Structures are given as C-alpha cells and as structure tokens.
Amino acid sequence: MFNRDRWQEIFQTISKNKLRTFLSGFTVALGIFIFVILFGLGNGLKNTFESFFLNDATNLIWVYRGRTSMPYKGFKSNRQIEFKNDDIADIKYNFGMYMDYISPGINRNQKIKYKNEYNNYSIQAIAPGYQFAEKVYLMEGRFINEDDTQNQEKYTVIGRLVRDDLFGKKSPLGEYVDVGGSMFKVIGVFQDDGGDNEERRIYIPYTTRQLMDKNTDKLDQFVIGFKPEIGYTGAMMFEEKLRQFLKDKHQIHPDDRRGIFIRNVADNLQQNQQFASVLQIIVTFVGLGTLMAGIIGISNIMVFVVKERTKELGIRKALGATPRSVIAMILQESIFITTIAGYIGLFAGILILNSLGVTLEDYFIKNPYIDMQTGIFATVILIIFGAIAGYIPARRAARIKPIVALRDE
Amino acid sequence: MIEVKDIHKSYKMGQNSLKVLKGINLNINEGELVAIMGSSGSGKSTLLNILGMLDEAETGEYILDGVLIKNLNETKAAHYRNKFLGFVFQSFNLINYKTAAENVALPLYYQKTNRKERQEKALAYLQKVGLGEWAGHLPSEMSGGQKQRVAIARALAAAPKVLLADEPTGALDTKTSYEVMDLIQQINDEGKTILIVTHEEDIANMCKRIVRLKDGVIIEDVKVEQVRAAQYVQ
Ligand SMILES: Nc1ncnc2c1ncn2[C@@H]1O[C@H](COP(=O)(O)OP(=O)(O)OP(=O)(O)O)[C@@H](O)[C@H]1O
Ligand SMILES: [Mg+2]
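Residues numbered from 1 in each chain as written. Chains lettered and ligands numbered in written order. Predicted model: local features only at pLDDT ≥ 70, side-chain atom pairs only at ≥ 80, totals over all residues. Heavy atoms only, no water.

- Per an unreviewed UniProt entry, the recorded name for chain B is Putative ABC transport system ATP-binding protein, and the organism is Reichenbachiella agariperforans.
- Comment text from UniProt for chain B, heading Sequence similarities (unreviewed entry), reads "Belongs to the ABC transporter superfamily. Macrolide exporter (TC 3.A.1.122) family." (UniProt positions renumbered as here; feature names shortened; annotations may be inferred.)

- Chain A appears in an unreviewed UniProt entry as Putative ABC transport system permease protein from Reichenbachiella agariperforans.
- The UniProt entry for chain A carries this comment under Sequence similarities (unreviewed entry): "Belongs to the ABC-4 integral membrane protein family."
- UniProt lists a comment for chain A under the heading Subcellular location (unreviewed entry), and it reads "Cell membrane".

Structure (structure tokens):
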C-alpha cells in the first residue's frame with residue numbers, strides 16, 4: 001500500500017487518463033454531493049417541523065372557548081361561553097394535584113410605541129406560569145411574577161425582535177413603552193425558539209389587562225401545565241375530567257362538541273413524534289437511495305475502466321505482472337480516486353448547505369445541515385463499495401489469459 | 001534452451017474443435033536465431049504463444065532452460081515470463097500513455113528493480129537500439145520502426161533467456177525491416193536465443209535456422225547461411 005513505486009505508477013495512470021479519472025471521480029463526487037444535499041434538506045424539513053410543534057413544553061393542556069351548538073338547561077344554542085377569574089380558582093381547587101401551573105391568556109394586537117418608533121405587535125396578557133408553557137428564555141431582566149399579577153403592575157417583558165425594532169441595540173430595561181395608550185415599564189427581554197412570530201410579541205400581567213378593560217374579570221383562554229409524572233394516560237384522563245367539569249360549570253350539553261375546546265399537547269406530541277420519525281425514515285431512505293445510485297454508478301464505471309484497459313493489462317501480464325499486482329493496481333487507483341472525489345463531493349455539499357442557510361425557510365426547510373459523522377460515513381461506504389465494485393472486474397481482468405487480453409482492440 | 005516434445009493444441013469453436021498444432025517436436029539451443037515460417041493459419045503464432053507461456057498446450061512437454069513448464073498458475077507464469085522471456089509483437093504493444101523510457105522500464109518494475117536502476121537500464125537499452133534521444137517521447141510520436149525498436153529494448157530490459165518475436169517486421173517497410181533485423185542479429189551475436197515468426201523469406205534468411213510449419217506439423221527444419229542485414233542498412 002505504501003510502496004512509492006506503486007503510487008507513482010498510479011499517479012501516472014491517473015494523470016495520463018484524465019477522462020477516465022474524471023468520469024469515476026465525478027460520479028462519486030456527485031453521488032456524495034447529492035446525498036449530502038438531500039440529507040441536509042431532509043434535516044431542514046425536520047427542523048421546521050420540530051420548531052412548529054416541539055418547541056413548547058410538552059406537558060400542556062390548552063383550553064379555548066367557543067359558542068355552543070346545542071340548547072341545554074334553558075339556554076339557547078349558539079351561546080358564547082365566557083371564562084372568568086373564578087374558573088382559574090375552581091380549576092386550581094379541583095385539579096391542583098395534577099397541575100404544575102395554570103396561566104390564563106388574553107391576546108390583543110395593539111400599537112406599541114417607544115419614542116418615534118412604533119409598530120403593531122401581539123400583546124399577551126398572562127400569568128407567570130406562561131413562561132414555562134412557551135419555554136421562554138430570558139435574555140435580560142426577569143419575567144412577570146406573582147407580585148406583578150397581584151398588584152396589576154404595568155410591567156412588560158418584550159420579545160427580542162420587538163427590542164430590535166424599537167430600541168435597536170440599546171438595553172430597554174427600565175424604559176417605558178406606550179401600549180395602546182398606557183405606559184408600561186420594560187422589565188425583561190425574551191427569546192423563543194418558536195420562530196420570529198413568537199419573538200415579535202410582548203407579555204404583560206393578565207390582571208393589568210383586565211384593569212385596562214374596565215376592570216373586567218373575563219379571560220380568553222387557559223394553558224395548564226400538568227405534572228409530567230402523570231404520564232400520557234394521566235394526561236388523557238385529566239383532560240376528560242377537566243372537560244366534564246367545565247361543561248358542567250358553564251352549562252354546556254355533555255354531547256356538545258363546541259363551546260369548549262381542549263388541545264392536549266401530550267396527545268399531539270405522540271402523533272408529532274410519529275410524524276417526525278416518519279420524516280426521519282424518509283430522509284434516511286432518500287439518502288440510502290442516493291448512495292445506492294452512486295454505488296451502481298461507480299460499479300459501471302469500474303467495468304468500463306477495466307474493459308478499456310484490457311489490452312494494457314495484457315501487455316503488463318506479458319511483461320510479468322502477476323494477477324495480484326493487476327488487481328492491486330486497479331483497486332488502489334479506484335480507491336484513491338473515490339476517496340479524493342468523495343471528500344470533494346462531501347465538502348462541496350456541506351458548503352452549499354451552509355450557504356443555503358435561511359434562504360429556503362419559505363419552503364419549510366429550516367437550517368439544513370448534515371452532521372460530519374453521517375457525511376463521512378456515507379463517503380466511506382461509497383469508497384468501500386466502490387472498491388468491491390472495482391474488485392470484481394479487476395479480478396476477472398487479472399484472470400484473462402494474456403493472449404486473449406492482447407488480442408483485445 | 002527450449003525443448004518441445006509432441007505438443008498438441010486445438011481451439012474449440014462451438015461444437016467442433018480445430019486442431020492447430022498436431023505434435024510439434026523442437027529443440028533450440030542457446031544462442032540460436034530461429035525463423036518459424038509457414039502459411040497463414042499454419043499455427044506459427046499459436047506455437048510461439050505456447051513457448052511464451054501466454055497460452056497453454058493441451059498435451060506434450062515443454063522445458064524452458066531446464067524448467068518443466070506445466071500446470072502453471074498465473075502468478076508462477078507471470079514470474080517465468082518476467083524472468084525468462086522477452087516479447088516483440090507485430091503491433092508493438094507499447095503502452096500509449098507511457099514514454100519510450102517508461103515502457104522499457106516496465107518489465108524491470110515487475111522485477112522489483114529500484115527506480116534509479118530502472119531508469120538507468122531503460123536508457124541504456126534505448127541507446128542500444130539507437131533511440132537514446134527518444135527516451136522522453138510517447139509512442140504516438142514515433143514511427144513504426146522506432147516503436148518496434150522500443151519494443152525490442154523493452155523485451156531486452158529484463159535480460160530474458162529467450163526473445164520471442166511474432167512478425168516483428170510485419171508492420172514495417174523493407175528498409176525499416178532490415179534495420180530491425182540488423183538489431184536482432186546484433187543481439188543474437190551477443191548470445192541471446194531468439195525465435196522469430198515471419199512470412200518473409202528474406203527475413204527468414206537473416207536467421208540461422210528455419211523451421212517450416214504446415215497444418216500444425218513441422219515439415220522442414222534446416223540450418224541456413226545467415227544473410228547479414230547490416231549490408232542493406234546505411
Ligand atoms: N483464439 C482462437 N480461437 C479459435 N481459433 C483460433 C484462435 N487463435 C487462432 N485460431 C486459429 O488457429 C489457427 C492457427 O492460428 P495462428 O494464429 O497460430 O496462425 P498463424 O500461423 O500465426 O497465422 P498468421 O500467419 O496469419 O499469423 C488458425 O486457423 C486460426 O484461425
Ligand atoms: Mg500469426
């Protein structure tokens with residue numbers, strides 16, 4: 001393998017037979033390149049999916065309200081259900097043992113202004129538990145706490161992009177922003193993996209929002225973080241009991257599928273994880289398919305290469321080349337070319353993937369990448385199979401009687 | 001040097017088999033220069049290929065330099081070819097992407113001679129055939145006669161016991177043929193055993209012995225007065 005003479009012989013055949021070298025090198029490089037690109041795009045698709053569904057806490061039950069679709073206990077159909085503060089108290093009282101936290105939510109879109117900068121943002125009035133539900137990470141300052149909700153403080157925690165829009169690079173902590181006519185003090189800045197939309201919002205205490213809305217006690221929705229240890233079945237049971245309780249409390253017909261909507265993330269999670277693994281399987285299959293195509297390509301080329309060299313091999317044998325040295329020469333040459341070409345394809349692919357970056361986010365491909373291990377593994381696989389594919393025709397060529405090989409034109 | 005006893009060879013063509021050699025007996029001593037003649041299809045090349053271990057006889061005995069050549073595997077055959085035999089073909093059979101010097105050095109590579117010695121020897125043999133200046137040229141840049149002389153240099157490079165040439169002048173004009181024969185005679189003068197397959201009487205007469213084949217048997221085997229090629233070459 002490390003025989004300098006043999007390497008010189010190989011370098012010579014490689015450099016003097018450029019078309020042949022190019023053909024086999026190109027096939028391998030292309031195979032790996034396509035593999036890397038497809039695998040990377042597949043990963044990008046998976047990333048998008050995960051950022052859609054898997055970036056919030058997974059122990060959540062969301063409760064929304066709607067209009068009834070059945071008359072019940074003297075109420076007409078099509079009645080708008082209202083949530084109030086006592087719903088929180090009741091849920092805490094009845095289901096406290098299942099829960100880590102509960103946060104109501106009241107969402108508005110309003111103009112937010114700081115000095116001359118302003119824009120419309122989503123304003124979410126929430127309780128402290130919401131931080132865990134949305135998996136909000138604080139970059140600066142703190143989140144809304146119990147005291148803030150208790151005292152109806154005009155405090156706000158703003159998203160990273162809101163800060164960028166309104167404050168530029170300067171720290172907004174302690175500054176006052178105008179939210180729909182009231183001045184709120186910025187006490188924190190947060191980050192959220194859920195994408196730009198979730199960083200283009202601000203949080204305020206829900207009690208403060210109620211105060212601004214003429215001191216109402218109405219709420220839009222809740223999110224409940226249940227204790228993870230109750231598990232999937234526990235969560236499903238909790239969901240069912242909660243549904244019955246709320247229907248009963250708000251006088252909704254037991255069979256009415258409207259009025260109250262509950263979204264159980266535990267249930268979604270299971271489906272989403274299944275979907276994610278289906279995606280993973282597709283990505284893997286596409287990758288394997290490309291590799292197979294690459295292997296078939298290199299095999300064909302090896303057959304062609306050996307065929308083309310039949311006469312030369314006959315001459316070499318007449319001059320005293322042993323079958324072993326013939327096989328070794330062909331294999332070493334092919335392994336050398338596939339290795340170089342494979343790594344060229346690998347790095348070209350990685351380069352392209354990196355340069356794609358965010359440009360494909362509109363096509364649901366986020367941060368496409370391939371980990372080095374997978375890339376190198378694929379390259380090595382192709383090299384090994386390329387060698388095996390080369391070995392078969394090489395061995396056949398080595399076995400041809402020199403007289404037959406010499407007659408080849 | 002070469003002892004051949006009752007060699008038979010036939011080619012299978014579908015159902016029927018074509019008998020090409022039907023019992024060849026031949027002894028060739030060291031230093032002989034033998035022409036093998038015969039009409040087309042008489043089995044000259046077949047015999048030469050068997051002597052060159054490029055092909056195998058079906059029955060019979062072949063002893064080369066005291067070694068019985070029988071049931072050789074390819075690896076053994078490769079070693080023997082490399083050690084005992086040098087080939088010159090009608091169509092030269094140079095490797096087209098290698099220079100003259102590299103072509104000549106190739107048998108030495110398979111003898112595992114080191115690089116420096118290979119280069120020196122290759123150059124020496126090229127000078128011997130009068131092509132020292134052409135060492136760095138590709139076969140495509142040379143005339144037929146030059147190519148054949150490179151091929152002869154290559155055949156000699158590994159210092160074989162026997163030189164086998166199948167119509168070495170077949171692709172050359174008369175003048176060039178005589179130049180090549182002159183070279184072959186010089187090599188023979190130095191004591192090398194040489195077998196030449198040829199169609200041409202004048203080429204055959206430049207050898208020391210003529211063996212005539214017809215339909216796979218030797219019909220004549222005579223010593224001749226050698227005509228020197230040098231007199232035709234300026
Ligand atoms: N590989 C082969 N398969 C079948 N028949 C063959 C093969 N090689 C040679 N022959 C046949 O064997 C016979 C002898 O062939 P050979 O090449 O030895 O003839 P030759 O005397 O060298 O003729 P030429 O002067 O034309 O070169 C011919 O009839 C030829 O057709
Ligand atoms: Mg012939």
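### Quick word on the packing of helix 3 (residues 100-110) of chain B against helix 5 (residues 144-157) of chain B
Residues and elements named next belong to chain B.
Turning to step 1, where the next piece is worked out: At their nearest, the axes of helix 3 and helix 5 sit 7 Å apart, and the two run at 25 degrees to each other. By the angle between their axes, helix 3 is roughly parallel relative to helix 5. When the axes of helix 3 and helix 5 are compared, the crossing they make is right-handed. Listed contacts from helix 5 to A100, N103, V104, P107 and L108 of helix 3 are V150, A153, R154 and A157. (Axes fitted to C-alpha atoms, helices over the stretch in contact; angles between N-to-C directions. Helix = DSSP H or I, 4+ residues; strand = E, 2+ residues; numbered from the N terminus. Parallel < 35°, antiparallel > 145°, perpendicular 65-115°, else oblique. Left-handed = near helix turned anticlockwise from the far one by under 90°. Contact = heavy atoms within 4.5 Å.)

### As for the site of ligand 1
Turning to step 1, where the next piece is worked out: Close to ligand 1 lie 15 residues; S40, G41, K44, S45 and T46 of chain B are nearest.
Turning to step 2, where the next piece is worked out: Around ligand 1, the nearby residues trace back to chains A and B.
Turning to step 3, where the next piece is worked out: The separation between an oxygen atom of ligand 1 and a polar main-chain atom of G41 of chain B is 2.9 Å.
Turning to step 4, where the next piece is worked out: Backbone polar atom of S42 of chain B to an oxygen atom of ligand 1: 3.3 Å apart, as the coordinates give it.
Turning to step 5, where the next piece is worked out: Burial of ligand 1 by the protein amounts to 68% of the accessible area it has alone, namely 630 Å².
Turning to step 6, where the next piece is worked out: Judged by its atoms lying within 2 Å of the grid points, ligand 1 is housed in the largest pocket.
Turning to step 7, where the next piece is worked out: Listed by contribution, the elements that provide at least two residues to the shell around ligand 1 are strand 1 (2-13), strand 2 (16-28) and helix 1 (44-51) of chain B.
Turning to step 8, where the next piece is worked out: Looking at the shell around ligand 1 element by element, the count peaks at three residues for helix 1 of chain B. (Near = heavy atom within 4 Å. Polar contact = N/O pair within 3.5 Å; in protein donor to acceptor, adjacent residues only side chain to side chain. Areas by Shrake-Rupley, 256 points an atom, 1.4 Å probe, with all protein chains shown as cover. 1 Å grid on protein atoms, 1.4 Å probe; cavity = no way out; pocket = protein on both sides within 12 Å on 5 of 7 lines; lining within 4 Å. Sits in = over half its atoms within 2 Å of the grid points.)

### Describing the layout of surface pockets
Turning to step 1, where the next piece is worked out: Put simply, the largest pocket is a space of about 610 Å³.
Turning to step 2, where the next piece is worked out: As for the largest pocket, its lining consists of 27 residues, of which I403 of chain A together with S45, T46, N49 and D166 of chain B are closest to the centre.
Turning to step 3, where the next piece is worked out: Broken down by secondary-structure element, the contributors of at least two residues to the lining of the largest pocket are helix 14 (402-407) of chain A together with helix 1, strand 6 (85-88) and strand 7 (162-166) of chain B.
Turning to step 4, where the next piece is worked out: For the lining of the largest pocket, the element with the highest residue contribution is helix 1 of chain B, accounting for five residues.
Turning to step 5, where the next piece is worked out: Split into classes, the residues belonging to the lining of the largest pocket amount to ten nonpolar, eleven polar and six charged. (Points joined across faces, edges and corners; volume = space filled by probe spheres on them. Nonpolar A, V, L, I, M, F, W, Y, C, P; charged D, E, K, R; others polar.)

### Quick look at the pattern of salt bridges
All names here are of chain B.
Turning to step 1, where the next piece is worked out: By the definition in use, this model includes 36 salt bridges over all chains.
Turning to step 2, where the next piece is worked out: Residues K9 and D55 are paired through a salt bridge, measuring 3.3 Å at the closest nitrogen-oxygen approach. Highlighted residues: K9 in strand 1 and D55 in the loop between helix 1 and strand 4 (59-64), separated in sequence by 46 residues. Both residues of the pair, K9 and D55, count as buried.
Turning to step 3, where the next piece is worked out: With a shortest N-O distance of 2.8 Å, E190 and K128 are connected by a salt bridge. Of this pair, E190 sits in the loop between helix 6 (174-189) and strand 8 (193-197) while K128 sits in helix 4 (residues 115-128); the two residues are 62 residues apart in sequence, bridging distant segments of the chain.
Turning to step 4, where the next piece is worked out: The class for E190 is exposed, based on a relative accessible area of 56%. (Salt bridge = Lys/Arg side-chain N within 4 Å of Asp/Glu carboxyl O. Buried < 20%, exposed > 50% of the residue type's maximum accessible area, 1.4 Å probe, protein only.)

### A look at the sheet that holds strand 9 (residues 209-214) of chain B
Think of a sheet as strands paired side by side through backbone hydrogen bonds, with each pair either parallel or antiparallel.
All names here are of chain B.
Turning to step 1, where the next piece is worked out: Sheet architecture is open: six strands sit in the order 6-7-8-3-9-10, paired in mixed fashion. A strand with exactly one partner marks an edge of an open sheet, and here the two such strands are strand 6 and strand 10 (217-223). The sheet shows a mean angle of 15 degrees between the axes of neighbouring strands, taken without regard to direction.
Turning to step 2, where the next piece is worked out: Pairing of strand 3 (residues 33-38) with strand 8 involves four bridges; the strand directions are parallel. Directly across from V34, in strand 8, lies its bridge partner L195. (Pairing = 2+ DSSP bridges.)

### Details of the pairing of strand 1 (residues 60-65) of chain A
Residues and elements named next belong to chain A.
Turning to step 1, where the next piece is worked out: Looking at chain direction, strand 1 and strand 11 (residues 221-226) are connected through five bridges and run antiparallel. Within strand 11, the residue paired with L60 across the bridge is G225.
Turning to step 2, where the next piece is worked out: Across five bridges, strand 1 lies against strand 12 (residues 260-264) in antiparallel orientation. Looking at the pairing, W62 lines up with R263 of strand 12.

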